[in-house]
Amino acid sequence: MVLAGGEGKRLLPLTADRAKPAVPFGGAYRLIDFVLSNLVNAGYFKVVVLTQYKSHSLDRHIAQTWHLSAMLNNYIATVPAQMRRGPRWFTGSADAIFQNLNLVYDERPDYILVFGADHVYRMDPRQMLAAHIASGAGLTVAGVRVPLVEASSFGIIETGDDHRIRAFREKPRETVGLPDAPDQVLASMGNYIFTARTLIDAVTTDAEDDGSRHDLGGSLVPMLVEHGEAAWYDFTTNSVPGSVEADRGYWRDVGEIDSYYDSHMDLIAPMPVFNLYNHDWPIFTWHRALPPAKFVVDERQPGQALDSLVSAGVIVAGGTVRRSVLSPGVRVEAGALVEGSVVMDDACIGRGAFVRNAILDKNVVVADGARIGHDPDADRARFTVSSNGVTVVGKNHIVRAQ
């Protein structure tokens, strides 16, 4: 089960018209492609994606991209909120599972993987499943170290003996660091493996509690920790075929603008922290039928891109691109400069325009001579600007020169 129903408010305006797992990433992908690729690469071919908010583009992407062989009874299927338990939508991730227990009864699995849909990482879930079975626990939570200052954004695991979870606190305002690393905490990755009976009993019990938040991290995990049924899995021990030391253990929660931007900058380093070029564990997606990227001399100015990812269909006609990610169909005109930016599908950067430290959503037009990322005050008056100064221009916006 892949949980893809998050509203994604912290990623606005990128989630104004789409669910968070459908947000484009890395030029060619959507966020959900990472978890689905991990599952398919590991040989898991029966996957349901639970959706809720603004799911049209997500549904369409999965239908276009992720069609497995029905002859072999394999599938990746989106499942919207269907009000199976009364006239209400999902009230939380635990409730989403509870309302879809019919899927569990139909398949009758021994174990159920419940993974989040909006993280960037590679993982072989078979190794986590083996650890779960060996532990004898009813639930195993994947854990990764994150900086102490970010603890309030995650579920925090306090470890006990034999990889058991002694305590679990969802997004605590205050906590202490690890004994061997006081500036770090052990955070939940949002990936869980349940013994099937444990999951069924837990979500059923939770559904009967009117005071519950009906959330996996806020309700189910603490309940199972209290019953002594929860273990944790050390993500750093996971070994993915084709990985190198530089990207081993890479995991990013891209649920807010600055982390989303920083994860893109990870891709364009000369030795990338996250390597998209691992052919032994590929990230799958659907590609539009576009010609190769093209670099053109215009007005005696060479089109060029340095330390950048450039997708199919891009035309750089006399402009300069540095440390940026250009998605399919982007056009950069003569004299334009794009630096430290993420530019999504079919955006156009006009002649002499300036774009720095920005995220431009699909179909954005930056008019000739317009400037983004040059004057923070002017940007804040027109656009969303993150706490780290990244300017975000929403879908279909026309940015005129001032």
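Residues numbered from 1 in each chain as written. Predicted model: local features only at pLDDT ≥ 70, side-chain atom pairs only at ≥ 80, totals over all residues. Heavy atoms only, no water.

### Description of the overall build of the protein
The number of helices and strands found in the protein is nine helices and 31 strands. Relative to a compact globule of 402 residues, whose C-alpha radius of gyration would be 21 Å, the protein shows 22 Å and is just as compact. When its C-alpha atoms are laid out on the principal axes, the protein stretches across 70 × 50 × 45 Å. Split into buried and exposed, the 402 residues of the protein put 52% on the buried side. By sequence separation, contacts in the protein at least 24 residues apart represent 59% of the contacts at least 6 residues apart. Looking at the protein as shown, the accessible area adds up to about 17,800 Å², and 50% of this sits on carbon and sulfur atoms. Between the averaged position of the 38 positive side-chain charges in the protein and that of its 47 negative side-chain charges there is a distance of 6 Å. (Helix = DSSP H or I, 4+ residues; strand = E, 2+ residues; numbered from the N terminus. Rg over C-alpha atoms; globule rule 2.2 N^0.38 Å. Buried < 20%, exposed > 50% of the residue type's maximum accessible area, 1.4 Å probe, protein only. Contact = heavy atoms within 4.5 Å. Areas by Shrake-Rupley, 256 points an atom, 1.4 Å probe, with all protein chains shown as cover. Lys, Arg positive; Asp, Glu negative; His and termini not counted. Charge placed at Lys NZ, Arg CZ, Asp CG, Glu CD.)

### Let's talk about helix 8 (residues 257–267)
Residues separated by three or four positions in an α-helix point in the same direction, a consequence of the helix having 3.6 residues per turn. Along helix 8, 10 of the 11 residues are buried, which leaves the element largely enclosed by surrounding structure. Turning to helix 8, its buried residues number three or more, namely I257, D258, S259, Y260, Y261, S263, H264, M265, D266 and L267. Its side-chain oxygen 3.2 Å from the backbone nitrogen of D258, E256 forms the N-cap of helix 8. (Polar contact = N/O pair within 3.5 Å; in protein donor to acceptor, adjacent residues only side chain to side chain.)

### Some details on the packing of aromatic side chains
Scanning the model with the defined rule gives nine aromatic pairs in all. Ring centres 5.8 Å apart and planes at 55 degrees place the aromatic pair Y29 and F34 in the tilted group. We note that Y29, like F34, is buried. Centroid distance Y250 to F274: 5.1 Å. Interplanar angle 35 degrees. Geometry classified as tilted. Placement of the pair is Y250 in the loop between strand 12 (230–234) and strand 13 (251–253) and F274 in the loop between helix 8 and strand 14 (294–298), with a sequence separation of 24 residues. The same class applies to Y250 as to F274, namely buried. (Phe/Tyr/Trp six-rings, centres within 6.5 Å; stacked < 30°, edge-to-face > 60°.)

### A short note on the sheet that holds strand 22 (residues 337–339)
Read from one edge to the other, the open sheet built from five strands follows the order 16-19-22-25-28, with strand pairing classed as parallel. Of all the strands in the sheet, just strand 16 (304–306) and strand 28 (371–372) have a single pairing partner and so form its edges. Note that strand 16 and strand 19 (residues 320–322) share three bridges and pair parallel. The residue bridging L306 from the neighbouring strand is R322, located in strand 19. (Pairing = 2+ DSSP bridges.)

### As for the pairing of strand 4 (residues 46–51)
Where burial is concerned, most of strand 4 is hidden: five out of the six residues are buried. Where strand 1 (residues 2–4) lies against strand 4, three bridges are found, and the strand directions are parallel. Considered in strand 4, the bridge of L3 is made with L50. Pairing of strand 4 with strand 5 (residues 75–79) involves five bridges; the strand directions are parallel. From the neighbouring strand, L50 faces strand 5, where its bridge partner is V79. As a crossover connection, the stretch from strand 4 through helix 2 (residues 56–65) into strand 5 is right-handed. (Right-handed = clockwise from strand over helix to strand, strands pointing away.)

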